[in-house]
Every structure is written in C-alpha cells, then in structure tokens.
Amino acid sequence: MGAPGVDGLGDVVRVLRQWQYDAGPVQLHPGDVGWFWRFGAQRTAAATRTWSRAGKVLAVGLLDGAELLRLAFAPQALRDEELARQVVEDVSAPERGVLFEGRAYVEAPTGALVQDLLLKDGWASGEPWTPLRCDLGGPVSDPGVRVEVIGPEQAHEWAAVLRASFDGSTFTDERWRAMAAGAPYVDARCLVVRNERGEAVAAVTVWSAGEGRLGLIEPMGVHRAHRGHGYGRAVTFAAARALQQLGSSSVVVCTPSSNVGAVATYRSAGLEQLPERRDLYRNAS
Ligand SMILES: CC(C)(COP(=O)(O)OP(=O)(O)OC[C@H]1O[C@@H](n2cnc3c(N)ncnc32)[C@H](O)[C@@H]1OP(=O)(O)O)[C@@H](O)C(=O)NCCC(=O)NCCS
C-alpha cells in the first residue's frame, strides 16, 4: 500500500479515469477526489491510498472522513485474490494507518472480492445506496431554465446555493477555489440554475472522466426556499447536457436510498435506478 503524496495525485486521477467505463461498476470516480479537493491538495493526498503490483496501480482508496474508506479497482483486479487479501489486511490493522480502531465503513464496488472477504471477517452490510445512470448517446432534454457555468467571480453564488441545499453545509468560496485548483477540475463544470427573477436556485458540479467514459454528478442541490418547482429535474438535465458536451458516455450518480427526494428527482430526469449497493461496516468493539 502506498500514499501518493501531493505530487502523485495527478497519476491517481489518471488511473481512476481509465476505470470509469460503461460495462463496469459504479465506483470511486475522479470526481469524488475532485470534490474532496475542496479541502486542499495536502488533505486530499493525506486521504488517498494506492495498491500496486509491478509498478501498476490496481486499487485506489479515498478516506472520506475518519471512518469511511471508498475504493475503486482496475477492471482486471476486481476479483484479484492477492490484492483483495492485501486490502483487507491493511484496512483491518489500525497500525497501517488506513482506518483506526473502532467503527469503520468500507465502500467497494459491486462484485469486488474485497466485499466477500470483509463479510467473511465479520463485517456487516450497512446503509443502502442507490446508483443511477443514464446513457448520453441520444439527445438530452432541454432543461427549460437559465443555466450558467460558474467561474471564480460567481463562486460565492454557487457556494450560497449549496449551503442552502444541504443541512449543516459549511461550504465557502474558499473551498470552491481549492476545488477548482484541483487536478480533476480540468474536466469539471459547476453550474447554477436561475429562476425568472435571476436568483440562483439550484447548483451542481459535473465531473467528466474523459471521452467515452462515465461522468459523475457530485454534488447537486436545490435551495430549500425553491423546492418543488422542477429545479431539481432541470439542474439534472443541465448536468447531463454538460457531461454530454464534455464527451461522457453516461451520467452516473449515487445517493443514499433513504434520500427519497433525490432518487425521485434523478429518475424524473431520466436516470435509471441500478441495484442498491451497501457499505460494509465494523462495529466499535
Ligand atoms: C432532492 C432535491 C434536489 C429535489 O429538488 P426539487 O427542486 O424539489 O425537485 P423537483 O421539483 O425537480 O422534483 C423532481 C421530482 O422529484 C419528486 N420529489 C422531489 N422531492 C421529493 C421528495 N422529498 N419526496 C418524494 N418525491 C420528491 C418530485 O415530485 C418530482 O417528481 P415528478 O417528476 O414525478 O413530478 C432537493 O430536495 C434537495 O436539494 N435536497 C437536498 C440536497 C440533496 O439531497 N441533493 C441530492 C443528493 S446528491
């Protein structure tokens, strides 16, 4: 297991891009790393782990908070036994500095051998998440609203909509600038939807992984004072259009299944609900 350091993050993002393909599982995306980058390059590097063999990265982990490790695997390594055993060993031993003692969560793509091994080791199935996906090969509906791509001058508006969308959000312009300075942001766009009075009412970030690969929505929200007017659906259409223009083959998103409003909104914008995925967790003692 390795930690790439700030200088190695570009390579990590490059391999993650290659692992986002239509027939593959929905898994940790360069956009997830890009969204984490709002905390700055140092913290992103400190939260990133890689597993390699013969100089080739086969798995990437992002410590999304102190208790959650999110994993992605190279297509040929999803069921590689040696790799899966190594990941489980590193995750289970606190002294390896991945997950500390006590309660911990691992998010692994559907079909990854790591899941089977953790379950055998006594880890339990946790909260269900719903991935959703839409092919971008055909036309995408017109959002029917005013959509703007956000640059540094409007970052404060995007940040304000995000804070008004997610309870407890502490997002700031400064975080936006840190995110926009990150390697994955080269292939990303932040959008806002405005209402007829010109107020910013919905916000989204889309992350392309390059031509012909899966593009990710993370995050998406509608200002709590403007819900129930179709802006969630509209901003999702806008996101899909932006990803189509960036060359993505599909748009994907993953949300807790308990977020009924989000699942309904994505479905109403034409995304197809895929089978649920569950995090695995280990209890405190
Ligand atoms: C989820 C959210 C984006 C919905 O925004 P919105 O502008 O109210 O959604 P819309 O008006 O476009 O509604 C779209 C569809 O979802 C349905 N819907 C929206 N919220 C719903 C809820 N809480 N429960 C059930 N259905 C809901 C609507 O009825 C509509 O369905 P229809 O197309 O069949 O008529 C908004 O509540 C939000 O920002 N939540 C907090 C942030 C969040 O969870 N973001 C998504 C996770 S990444």
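Sequence order as written defines the numbering, with residues in each chain counted from 1. Given that the model is predicted, a residue must reach a pLDDT of at least 70 before its local features are reported, and side-chain atom pairs must reach 80 or more before they are shown or counted; all residues, however, enter totals for whole chains, interfaces and linings. Side-chain descriptors were evaluated using all non-hydrogen atoms of the structure, hydrogens and water having been removed beforehand.

### Some thoughts on the site of the ligand
1) Next: Taken together, 20 residues lie near the ligand, and Met220, Val222, Gly228, Arg233 and Asn259 sit nearest.
2) Next: Polar contact is defined as a pair of N or O atoms within 3.5 Å, subject to the rule that within protein one atom must be able to donate a hydrogen and the other to accept it, and that residues adjacent in sequence are counted only when both atoms are side-chain atoms. Methionine 220 is positioned with one of its backbone polar atoms (N or O) 2.8 Å from a nitrogen atom of the ligand.
3) Next: A distance of 3.4 Å separates an oxygen atom of the ligand from a polar side-chain atom of arginine 227.
4) Next: Surface exposure here means Shrake-Rupley accessible area, sampled with a 1.4 Å probe, where a residue is shielded only by the protein chains that are shown. Taken by itself the ligand offers 920 Å² of open surface, and the protein chains cover 67% of this.
5) Next: What counts as a helix is a DSSP run of H or I of at least four residues, what counts as a strand is a run of E of at least two, and both are numbered from the N terminus. Of all the secondary-structure elements, those providing two or more residues to the shell around the ligand are strand S9 (214–222), helix H8 (231–245) and helix H9 (260–268).
6) Next: In this classification, the charged set is Asp, Glu, Lys and Arg, the nonpolar set is Ala, Val, Leu, Ile, Met, Phe, Trp, Tyr, Cys and Pro, and all remaining amino acids, among them Gly, are polar. Among the residues forming the shell around the ligand, the class breakdown is 7 nonpolar, 11 polar and 2 charged. By convention in these notes, a residue is near a molecule or strand provided one of its non-hydrogen atoms lies within 4 Å of it.

### Quick look at the side chain of aspartate 90
1) Next: Looking at the element boundaries, aspartate 90 is found in helix H4 (residues 81–92).
2) Next: A polar contact is formed between the side chain of aspartate 90 and the side chain of arginine 96, at a distance of 2.6 Å.

### Description of the domain arrangement of the protein chain
1) Next: If you check the domain split of the protein chain, you get domain 1 (5–128 + 278–282) and domain 2 (134–273).
2) Next: On a C-alpha basis, the centres of domain 1 and domain 2 stand 25 Å from each other.
3) Next: At the junction of the two partners, domain 1 supplies 20 residues and domain 2 supplies 26 residues.
4) Next: By convention, the term buried area covers the 1.4 Å-probe accessible surface removed from two parts as they join, with the contributions of both added. Taking both partners together, domain 1 and domain 2 bury about 2000 Å²; carbon and sulfur atoms supply 64% of that area. What fixes the domain bounds is an automatic or database domain assignment. Here a residue-residue contact requires only that any non-hydrogen atoms of the pair lie within 4.5 Å.

### Points about unusual backbone geometry
Negative phi is the rule for most residues except glycine; trans is the rule for most peptide bonds.
1) Next: Following glutamate 218, the chain continues to proline 219 via a peptide bond in cis, the omega torsion being -5 degrees.
2) Next: Inspection of the secondary structure assignment puts proline 219 in strand S9.
3) Next: The phi torsion at alanine 54 lies on the positive side, around 50 degrees, for a residue other than glycine.
4) Next: Following the sequence through the fold, alanine 54 ends up in the loop between strand S1 (48–53) and strand S2 (56–63).
5) Next: Here alanine 54 falls in the exposed class, since its relative accessible area comes to 83%. Each residue is assigned to one of three classes by its accessible area relative to the maximum for its type, calculated with a 1.4 Å probe on protein chains only: buried under 20%, partly exposed between the two thresholds, exposed over 50%.

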